[in-house]
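Here is how the chains run, residue by residue.
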Amino acid sequence: MGDKRFKATSIVILVILAAMWLLPIYAMVNTSIKSQEEVAAQEYLRLPRKVMFNNYLTAFRALRVGLVNSAVITLPATAICIFLGSLAGYYLTMFEFKRSQLVFFWIVVASFLPYQIVLIPITTLIGWLNLMNSYVGLILIYVILNIPMGTLITATFFMKMPVAMQEAAALDGCKPFLFYRKILVPVSIPGMVSAAILVFVQIYNEFLLAIALTRGPKIKPVMPILAELKGSQIAQWHIQMAGAVIVSLFPLLIFILLSEYFISGLMAGYSKE
Amino acid sequence: MKYSKAYGFVFLTPVVIAVAVIYGMIIWNLVAAFTVWEGMRATWKFAGFLNFGNLFELRRFWVNVQNNFLWLFFFIVPTTLLGFILAYLFHGLRRAEKVFRQIFLYPMALAFIVTGTLWAWMYDPGSGLINSILGGLGINTAKLGWIALPNIAIFCMIFSAFWQYVGFALVIYMGAIRGLSDAMIEAANIDGAGHGRILFQIIFPNVGHGTLICTTMLAITTMKVFDLVWIMTGGGPGIRTEVLPYMMYRMTYSQHNIGMGAATSIVILVLAAAMVIPYSKWAISKWVR
């Protein structure tokens, strides 16, 4: 069996597939810096003759309020999810608690069920609390829906801690919250970061609740605004693509710079590996 | 000595409340689906299976169900298969592994709305990327409507999700294959087994948990594809790309028929729970020692 031949073939296949996977993003960025005339010529793969950063200004102007709204909603929601979720993860993994399996089970089920099924009660609840079209309403709902995931991922990491460490701290009279703050959090920073990235990306990329719980542009996060950009400027691909790049910049940067955390978060969150 | 439970029960309370709210909302939805609605107004009068009966009479509902099953099959099988094969190919080349992994994984960081915007442009019959490339090669693209063609629109949409999720299948299988012993693969290699045989008769049966994780997670994803439908086609042409969550949204907010919207959610709940509950049982039994 020619192992060299196999290696060569597999590299060729991989390169072709990789090109297919990169083509959309290349075309997207390439088109986003072209002038309207060049876009109309439809030679999408050719590099631009003239680079038009103006497209980004146009797109940014349309998305600015949405980006600010997304930051105002996503950052606190993520922080709350990770803080409260990790406390629960700590409790479930390190305390004497007989029901912890059962509680885990219902948390896992809640985190996997598609949240679309509770859209109607969510809008009813938020309307009843008078929180329609408010930051607080969206933050509240995102926290409720993502806390299970925050708990599960942090718990997965806490489980790998040596039990002896916590037992020694308890014997020395270290209070539970002090142990959490001074020992557990500092040593499980990678787990916390993984959980935060996954929850952040999930909330930032969310669309259905962002349209269902907002009216008008004041509170609207960036994803619905990008969707409207597509609706309003039907043939202006270059502006749409510039908008898509701007919106994806943050998650992609996180992915590129922190990909190990991103992957371990995915693994812990979905597979419980 | 573990900490006693009473001490830190306050740690658990916020999550218990959140999870209780989620299940509370599911129960509310269940009640709503079995009661009479006057447009958007609840009467809380028991309606039996009235809403479900109305729903099941709609041809639209069955088209949606069929579309959901198309998603289940044509999304899960190719994504899992390519992810698995890629993971095997990666196994052979340790150094380049990291670069290639990033290339297939980056779409996972994108929002469905971004993927949808991008692929709606790729597929655009008049000015899209695919037809411009094919046109450049001298192919007549007049009949290649992609996402605009009723018969293939849903497959075009599924392909864009496939593009986005292959990286997910890849990392799951990379983890699973790494857990196998190299000796097993080496031995098969020495025995002269071809790569196809090694892949499907030796490795595949031994990464069952990876396959289970992968297919279940992808199946749950198919229940969430609302955003892609919204941004790429709005359910069209006609209702050919509609899926249940999309119909649920339309029933509730465009047709103001909450009773049937709630009944649709319950259908989705039943389909999702049939996958989620057994999977969660399995995951917990493996996970909590």
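Our structure's up above, just so we're on the same page.
Residues numbered from 1 in each chain as written. Chains lettered and ligands numbered in written order. Predicted model: local features only at pLDDT ≥ 70, side-chain atom pairs only at ≥ 80, totals over all residues. Heavy atoms only, no water.

Caption draft 1: How the structure looks around the overall build of chain B. Each helix and strand counted, chain B has 13 helices and two strands in total. For chain B, the C-alpha atoms occupy an extent of roughly 75 × 70 × 30 Å along the three principal directions. Per-residue burial for chain B yields a buried fraction of 57% across its 289 residues. Seen as two clouds, the 19 positive and the 9 negative side-chain charges of chain B have centres 7 Å apart. (Helix = DSSP H or I, 4+ residues; strand = E, 2+ residues; numbered from the N terminus. Buried < 20%, exposed > 50% of the residue type's maximum accessible area, 1.4 Å probe, protein only. Lys, Arg positive; Asp, Glu negative; His and termini not counted. Charge placed at Lys NZ, Arg CZ, Asp CG, Glu CD.)

Caption draft 2: Seen up close, the interface of chain B and chain A. If you look at the interface, chain B gives 98 residues, while chain A gives 103 residues. The interface formed by chain B and chain A holds two salt bridges in total. Of the charged contacts in the structure, one is a salt bridge between A:E260 and B:R101, with a shortest N-O distance of 3.0 Å. The interface formed by chain B and chain A includes 15 residue pairs in polar contact (both at pLDDT 80 or more). In the side of chain B that touches chain A, the residues fall into 72 nonpolar, 17 polar and nine charged. (Contact = heavy atoms within 4.5 Å. Salt bridge = Lys/Arg side-chain N within 4 Å of Asp/Glu carboxyl O. Polar contact = N/O pair within 3.5 Å; in protein donor to acceptor, adjacent residues only side chain to side chain. Nonpolar A, V, L, I, M, F, W, Y, C, P; charged D, E, K, R; others polar.)

Caption draft 3: Structural view of the pattern of salt bridges. Counting across every chain of the model gives seven salt bridges over all chains. For the salt bridge of A:E43 with A:R46, the shortest nitrogen-to-oxygen distance reads 3.2 Å. Residue classification places A:E43 among the partly exposed residues on the basis of a relative accessible area of 36%. Exposure remark for A:R46: the relative accessible area of 46% places this residue in the partly exposed category. Residue B:R60 pairs with B:E242 through a salt bridge whose shortest N-O separation is 2.6 Å. In this pair, B:R60 sits in helix α3 (residues 59-92) while B:E242 sits in the loop between α11 (226-232) and α12 (244-254), placing the two residues 182 residues apart along the sequence. Residues B:R60 and B:E242 agree in their burial class; the two are buried. If you follow the salt bridges from partner to partner, you end up with A:E260, B:K98 and B:R101 in one network.

Caption draft 4: Quick look at helix α11 (residues 222-232) of chain A. Among the eleven residues that make up α11(A), eight are buried, leaving the element largely enclosed by the rest of the structure. Residues of α11(A) that are buried include every one of A:V222, A:M223, A:P224, A:I225, A:L226, A:A227, A:L229 and A:K230, and no others. For α11(A), the elements touching its buried residues are α3 (54-94), α9 (189-204), α10 (208-212) and α12 (237-257) of chain A together with α5 (112-123) and α11 of chain B.

Caption draft 5: Spatial organisation of the environment of A:G243. Residues and elements named next belong to chain A. Its place among the elements puts G243 in helix α12. According to the relative accessible area criterion, G243 is buried, its value standing at 0%. Each C-alpha atom, one on G243 and one on L102, is 45 Å from the other, the two residues being 141 residues apart in sequence. Other than its neighbours up to four places away in sequence, G243 contacts A59, L63, L226 and L229.

Caption draft 6: Geometry of helix α2 (residues 50-57) of chain B. Residue and element names in this part refer to chain B. Among all positions in α2, only N51, F52 and L55 are buried. Angularly, the buried residues of α2 cover 95 degrees about the axis, an arc narrow enough to put them on a single face. The inward-facing, buried residues of α2 abut α1 (9-33), β1 (35-38), α3, α12 and α13 (258-287). (Arc of directions from axis to C-beta.)

Caption draft 7: Quick peek at unusual backbone geometry. Residue and element names in this part refer to chain B. Following G236, the chain continues into P237 via a peptide bond in cis, with omega recorded as -5 degrees. One non-glycine residue, W44, lies in positive phi territory at about 55 degrees. The residue W44 is located in strand β2 (residues 41-46) in this model. Look at W44 and you get partly exposed, because its relative accessible area is 44%.

Caption draft 8: Spatial organisation of the pairing of β2(B). Residue and element names in this part refer to chain B. Sheet topology places β1 next to β2; three bridges connect them, and they run antiparallel. Bridge pairing links E38 to R41 in β2. From the end of β1 to the start of β2, which pair antiparallel, there are two residues, and G39 there has a positive phi angle of about 65 degrees. (Pairing = 2+ DSSP bridges.)

Caption draft 9: Region of interest: the packing of α3(B) against α12(B). Residue and element names in this part refer to chain B. Where α3 contacts α12, the two axes come as close as 9 Å, and the packing angle between them is 150 degrees. Classified by the angle between their axes, α3 and α12 sit roughly antiparallel to one another. Between α3 and α12, the contacting residues are R60, F61, N64, V65 and N68 on the first element and L244, P245, M247 and R250 on the second. Class assignment for the residues of the contact of α3 with α12 results in five nonpolar, two polar and two charged. (Axes fitted to C-alpha atoms, helices over the stretch in contact; angles between N-to-C directions. Parallel < 35°, antiparallel > 145°, perpendicular 65-115°, else oblique.)

Caption draft 10: Focus on the packing of aromatic side chains. Applying the stated criterion across every chain, the model contains 54 aromatic pairs over all chains. Considering the side-chain rings of A:F95 and B:F11, the 6.0 Å spacing of their centres and the 80 degrees angle between planes classify their relative orientation as edge-to-face. With A:F95 in the loop between α3 and α4 (100-112) and B:F11 in helix α1, this residue pair bridges two chains. Each ring, one from B:Y279 and one from B:W282, has its centre 5.7 Å from the other, and the planes form 40 degrees; the classification is tilted. Placement of the pair is B:Y279 and B:W282 together in helix α13, with a separation of three residues, close to one helical turn. For B:Y279, a relative accessible area of 3% translates into the label buried. Three or more aromatic residues joined by ring pairs form one cluster here, namely A:W21, B:F90, B:F100, B:F104, B:Y106, B:W119, B:Y123, B:W146, B:F159, B:F162 and B:W163. The ring of A:F157 is capped by A:K160, whose NZ or CZ atom sits 4.9 Å from the centre of that ring. (Phe/Tyr/Trp six-rings, centres within 6.5 Å; stacked < 30°, edge-to-face > 60°. Lys NZ or Arg CZ within 6 Å of the ring centre and 35° of its normal.)

Caption draft 11: How the structure looks around the side chain of B:Q164. Residues and elements named next belong to chain B. Locating Q164 in the fold gives a position in helix α7 (residues 153-178). A polar side-chain atom of Q164 sits 3.2 Å from the main-chain carbonyl oxygen of P107. In terms of polar contacts, Q164 uses its side chain to reach the side chain of T115, at 2.9 Å. Apart from the residues lying within four places of it in its own chain, the contact partners of Q164 are P107, M108, L110, A111, F112 and T115.

Caption draft 12: Representation of the environment of A:F112 in the model. If you trace the backbone, A:F112 turns up in helix α4. For A:F112 and A:A62, which are 50 residues apart along the polypeptide, the C-alpha to C-alpha distance reads 34 Å.

Caption draft 13: Layout of a nonpolar patch on the surface. A contiguous nonpolar patch, built from B:F73, B:F74, B:V77, B:L149, B:I152 and B:F155 and spanning about 480 Å² of accessible area, is present on the exposed surface. Per-element accounting of the nonpolar patch gives the leading share, three residues, to α3(B). (Patch = residues over 30% accessible without salt bridge, like charges linked within 9 Å, V, L, I, M, F, W, Y side chains within 5 Å. Areas by Shrake-Rupley, 256 points an atom, 1.4 Å probe, with all protein chains shown as cover.)

Caption draft 14: Structural view of the nonpolar core. The biggest cluster of nonpolar side chains holds 216 residues, and the ones touching the most others in it are A:Y90, B:W71 and B:F104. A per-element tally of this core places α7(B) first, with 18 residues. Other than its neighbours up to four places away in sequence, A:Y90 contacts A:F95, A:F158, A:P176, A:F179, A:Y180, A:L184, B:Y3 and B:F11. (Core = buried A, V, L, I, M, F, W, Y, C linked by side-chain atoms within 4.5 Å.)

These results come straight from atomic positions and should not be treated as a statement about function.
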